[in-house]
Amino acid sequence: MKKVILLILVFSSYIILGQEKENYSFIFSNIYLKDAILKIEEETNFKFYFANQWVNDEIKISQSFENKPINLILDSILKETDLNYFLKKDNQIILTENTVIYNELSSGFFNENEKKNRSKKQNSAPFLSIRKAQQKEIEIVRVTIGKTIIGEEKDSYILKGIIRNSRTGAPLENINILVKNKNLGAVTNQEGFYTLELPAGINLIETQALGIESIKRELVLYNNGILNLNLEEVTEDLDEVILSVSALKNVQNASTGTNFLESENTKNIPLVMGERDILKVATTLPGISSAGEGASGFNVRGGKSDQNLILLDNTVLYNPAHFFGIFPALNPFAIEDISIYKGAIPARYGGRLSAVFDIKSKIPSKDKIKGEASLGPVTANAVLEIPIKKNKSGVLIGGRGAYSDWVLKSLNDEKLNSSTANFYDLIVGYHHDISKKNKLSAVAYLSKDEFSITSDSLYGYNNRLINLKWEHQFNNENSVRLKLSNSNYKFGIDYDGSTTSNFRQQYKIDEKHLKLAFTSVINSKNTFNYGISSKYYTVAPGEKKPLKSSDLTLPFKLNNEYALESGVFFSDSYKFNEKLLIDAGIRFSFFNSLGPKTEFDYAEDQPKSVYSVVGTNDFGRNEVTQTYGGPEFRFSGRYLITDTFSVKLGYHSLYQYLHTLTNVTTASPIDTWKLSDRNIKPQQSSQFSLGVYKNFNDNMYELSIEGFHKNQENLLDFKTGASLLLNEQIETEVLQGKGMSYGAELLIRKNKGKLSGWLGYTYSRSFQKFESQFREEQINGGEFFPSNFDKPHDFSLVMNYKFTQRLSLSSNVIYQTGRPVTFPVGNYSFNQSEFVLYSDRNQFRIPDYFRIDLGFNIEGSHKLKKLAHSFWSISVYNILGRNNPYSVFFVSQNGEVKGLQSTIFGVAVPSISYNLKF
Amino acid sequence: MIKTIKFLWIKITKSISLGTYILLLIGCVTPFNGVPSDFEEVLVVESIITQEYKKHEVFLSRSYPFGGSFTPEKNAVVQVNDDRGNTYTFEEKSNGKYLASDEFSASQNTNYTLNITTADGENYESKPQSLITSANLDRLYAEKTYDDFGREGIGIYIDSYDPSSKSKLYRFDFEETYKIVAPLWSPYDAVVVNEGRSTFDLSVILREREEQVCFGYGTSSSIILNNTLGLSEDRLEKFQVHFIRKDDPKLQHRYSILVRQYVQSKETYSFFETLQGLSQGSENIFSEDQPGFIEGNILNTNNSSENIAGYFQVSSTDEERIFLNFNDFFEGSELPPYFNNCNLTAPITDGTRGNRPLLNLIYQDEVRFYQYNFGVMEGGPFIMVSPECGDCTTFGSNKKPSFWVE
């Protein structure tokens, strides 16, 4: 069959060439183009096809031709117009309009390798469908790209361009460009840049993005060209609850296990006390869970909560939560979006094993003042975007604070008066477009928490982030980003409950980070990402000092720890053909633990303990005490089976040089971070993932199923009863072992229509294993046991139903298997006391978790001239009032062991919040 | 329009305070109903072999369910072997106590292994244990001091020094003995001679046993550890092993404490350290200390994954005893109260047979005679007191310990 077509093609092209040799004579004196064309039609066998409006110009023609070939005549009379022509067999001449960008091509567009002569028939073939398209979709704007240059025709051309936000002029990332009825599509990069290889002729393209208008263009492609688009934000609509920006992205991009959430679109999802929390919403996605309502941090695909790289504008945010993970530390109005990588982590990221949460703050408007404010039961929040220099620079200022403490204090109740819970966060962002090619931005962020849960101790912690970013575009293909950042996290505990032994205890970690990242678009098939990154850590692991002069507490300080973590990365995104896309990368990761430091040597034939020290090594300032590192491999590949159905494979391996020290079962803000050193090895992991992705009903429904298997090495755990705070030889309390997790994740999303939302279900298991030749360094006899966050069944249903443009109802349904816990299994007497006998680690489970939330959202009116746009959200968290235990513990009361459960939100929590946007 | 806004504002303020209350409700603790029905029965071993020449003891028991009681392990064959070929056999006494058949003492440079064969045929063996060095408790003394909560009392301190710097890891326990004097004691007691339908016969006789002065006995209930790691000398100075509050009834009369010091191996010390750590609960509702089974040094020889609680220790020990009197510390202060509040009653004798209050109380041993009621108070013929106040044997033993000196 193929051969037959080919023969016809060759034959027909011969005919066309033959026709060109016939010559004609015409005299046009001051007549309209249309009349000239009609005259040619009249006097020859040629038949023209064109749209009337193209030739309605006032242009008049005064030319004469004597015995000239038809193509020369047409060249001449169409010279001043935007019209192109094509000669077809059977003497048909088709005129086409090329109105927009014409020959605006940079030299890089002409890829020498692709300059092969092709059959003209293929170029002309699409014309047959022009009329069809015209009749069917009149509303679509047609764009013609390039003009055919005879002799340089190809069967496909390269289209590229930049998509910008029409309001701010900021490049739009992650915009999906789809080609209808073809297996093609592209996604814009960080610079809003895309390239797309399209077959010559007619292509119907559509942009898709959430919160951004979707536009369609009918493209007629005669050559390589540029199509820049400015898209408008769609904010006045009541958004559907949709988590991913682009309809086909999940099918078309290469990586497995990626999700994308926009802050604005999470506003309808009911959350506790009306606090919008993009990270909480993330936990409703398959594969991401938290240990419970009061646990800071997340567990991604069976990983520990310290294995997530949480970045705010590329700067590590050590604690992304206020008040024990109940409220987000990030201002939802100042956050643009978040990209979550849990499957194939790109090579540009490194340092944490499980996942990357890449959070971007909003780019402030550069042309008009905008703002957003809200009032909820716990916090008040305001964000302002102020242009500094029109279309050049702008600043974003956001502040958010809890006024619960103020209310607490004003209440006339002694018990309430003595409790405190207070937090705030501030963000300032400055963006400056120095020129088209140079951009500068700076973001500073600060968060602070203070609370007391027992009357005698006051806890406090704060994050402080600063980052500077310079982006330079060498040309359309090459760009560089230079990032400088500093992140600082510290906490303190003030104990003030005794006469002479009060104290203040403090911890601090600080990192300074420099990153240089390049992107080079080699051609439409091949893009390189490469760069270097280096971090310098300073950790003040612990300090204890008397609180008052009367205290007898001995001042004590552990020596600071220093280290350097570096990475060199390179990745290549290569499109073998329309079906196969591969993104492969490598990252060399290095870690140097630096002095001054004293490292201990331990006897090998004994369990590591303070009693088995056989030697000490002292290192001087900046002397390397230990080096770790190696290559990390990153791979993701996508194969399109149809244009809405793909299979993807992912693999990554990673190193992590930081560990949290915690001997409590769930993450808490006073977990300290410990750098790897001679006695504590870095954690390592590798993960395989495989997924199938299918979109239905014109992308109304998305379905994905992913499976993963992950192995981890050198995970940290602790000997039972370890004391971690202010311990100089922490390695003696530490166990390092293996982790293994696997699972399958199902995500079904409905993106359009009155009812939207998603259903996520994960079946996964997570195990750990600590084996050793010494029984005291084993857990559960050195066998695999379920980790603290092993929750086999995890089900989330997030729905939004739009009654009208202004009213919608949302709900969450969450079900999870209870997490494993260690229960007492009896008493025994020993040493003249009664002790509780515990089971092996994690042999029991707390009851399953089940919760339903409801939210009702009222959008203000949509009058165009309205000064501000308002939004009411009324919600009830845990509407069933179910008492979901967060932890279960046992106390001995009057010689009897009693089981108690603590619940964070054991009642239905109603709230109402008001948002204002202008 | 204004009305609507006002209405909404009320709603907001209402929800603010509601939210605040919820902030306080965060972390409510309720009883957990699903107490695990799974009960794990494990063997519990406790034994210390010291350098003292005596009949050493091994205690064997089983763990018991919540609300259950101490379950001794019966009919086990217990022996201690050393690596010089000696075997010391133990005989079962009562309540899970196995006593060495012969006196022996642990000696330096010898490894001792505890071997147990339970009645169900399982065989257990400890890891070899040995003496570290000899212990030396230099001084035991008491001083007036305050506790962490600012309460006045007596601190019991030790000084200890090992010139060879080998001891380093210490555990302490103590036994306290204190004199109890029943405050409302009388040499007499009331007895019912006979009780008829309409008559009864009460008699006052001399008490047959010592019930005025007794000796109370207690032991340390927590794990007391200390070490001299990181110190230039193997010296403990003024280490507080115990604190007795000034208002503790034990101090009312004479008080004596025997403190024993054990020099421990690294493994033994860290076992006790872990046990100590886990028995202290965590205060923070948001986080729970990771509990777990604490590994000892005894293994089932056929099944190494069986959990066995407890520890077989071989330690050198030294002990000291001191006596102290309240007045030596708090001259002129009011004596601490007695263990109980004491009330005088005069139960009536009216009623039919079997319903006469005084007689019933005497039958049930719920009162002691104090004195005749010659119009002192309303009621029956005798003034009676509770046994706690009139009979010291409720709190201690009426047998004077052999070490007791006045």
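Residues numbered from 1 in each chain as written. Chains lettered and ligands numbered in written order. Predicted model: local features only at pLDDT ≥ 70, side-chain atom pairs only at ≥ 80, totals over all residues. Heavy atoms only, no water.

## Side note on the overall build of chain B
Secondary structure summary: chain B contains 5 helices and 23 strands in total. Looking at chain B residue by residue over its 406 residues, the buried ones come to 47%. In chain B, of all internal contacts separated by at least 6 residues, the share reaching a separation of at least 24 is 69%. In the form shown here, chain B has an accessible surface area of approximately 20,000 Å², with 47% of it arising from carbon and sulfur atoms. (Helix = DSSP H or I, 4+ residues; strand = E, 2+ residues; numbered from the N terminus. Buried < 20%, exposed > 50% of the residue type's maximum accessible area, 1.4 Å probe, protein only. Contact = heavy atoms within 4.5 Å. Areas by Shrake-Rupley, 256 points an atom, 1.4 Å probe, with all protein chains shown as cover.)

## Examining the sheet that holds strand β23 (residues 355-361) of chain A
Residue and element names in this part refer to chain A. Here 5 strands make up an open sheet; going across it, the order is β15-β22-β23-β18-β19 and the pairing mixed. Every interior strand has two partners, whereas the edge strands, β15 (258-262) and β19 (315-316), have only one. Where strand β18 (residues 308-312) and β19 come together, 2 bridges link them in antiparallel fashion. Within the sheet, the bridge partner assigned to L311 lies in β19 and is V316. (Pairing = 2+ DSSP bridges.)

## Details of the packing of aromatic side chains
Across all of its chains, the model carries 51 aromatic pairs over all chains by this definition. Each ring, one from Y341 of chain A and one from Y349 of chain A, has its centre 5.4 Å from the other, and the planes form 45°; the classification is tilted. Relative accessible area serves as the criterion here: at 2%, Y349 of chain A is assigned to the buried category. Both rings, one in F339 of chain B and one in F395 of chain B, keep their centres 4.8 Å apart while their planes meet at 20°; by these two values the pair is stacked. One end of the pair, F339 of chain B, is in the loop between α3 (326-329) and α4 (357-363); the other, F395 of chain B, is in the segment after α5 (387-390), and 56 residues separate them in sequence. Given a relative accessible area of 26%, F395 of chain B falls into the partly exposed group. A connected cluster of aromatic rings, assembled from ring pairs, spans Y828, F830 and F835 of chain A together with F271, F272 and Y311 of chain B. (Phe/Tyr/Trp six-rings, centres within 6.5 Å; stacked < 30°, edge-to-face > 60°.)

## A short note on the nonpolar core
Residue and element names in this part refer to chain A. With 45 residues, the main nonpolar core has Y318 and I509 as its most contacted residues. Among the secondary structure elements, those contributing two or more residues to this core are β18, β27 (420-433), β29 (457-473), β30 (478-495), β31 (503-523), β32 (526-546), β39 (645-656) and β41 (672-675). For this core, the element with the most residues is β30, which contributes 3 residues. Look past the residues within four positions of I509 in its chain and what remains in contact with it is Y318, S487, N488, Y489, Y537, T538, V539, L658 and W673. Counting residues in each nonpolar core, the second largest holds 33 residues, with L317, A355, F357 and W758 among its members. (Core = buried A, V, L, I, M, F, W, Y, C linked by side-chain atoms within 4.5 Å.)

## A look at the sheet that holds strand β10 (residues 137-146) of chain B
Residues and elements named next belong to chain B. The 3 strands are arranged β10-β11-β17 in an open sheet whose pairing can be described as antiparallel. Of all strands in the sheet, those bounded by a partner on one side alone are β10 and β17 (235-245). Shown here is a sheet whose adjacent strand axes are inclined to one another by a mean of 25°, direction ignored. Pairing analysis gives 8 bridges linking strand β11 (residues 152-161) to β17, with the strands arranged antiparallel. Note that in β17 the partner of Y157 across the bridge is Q240. (Axes fitted to C-alpha atoms, helices over the stretch in contact; angles between N-to-C directions.)

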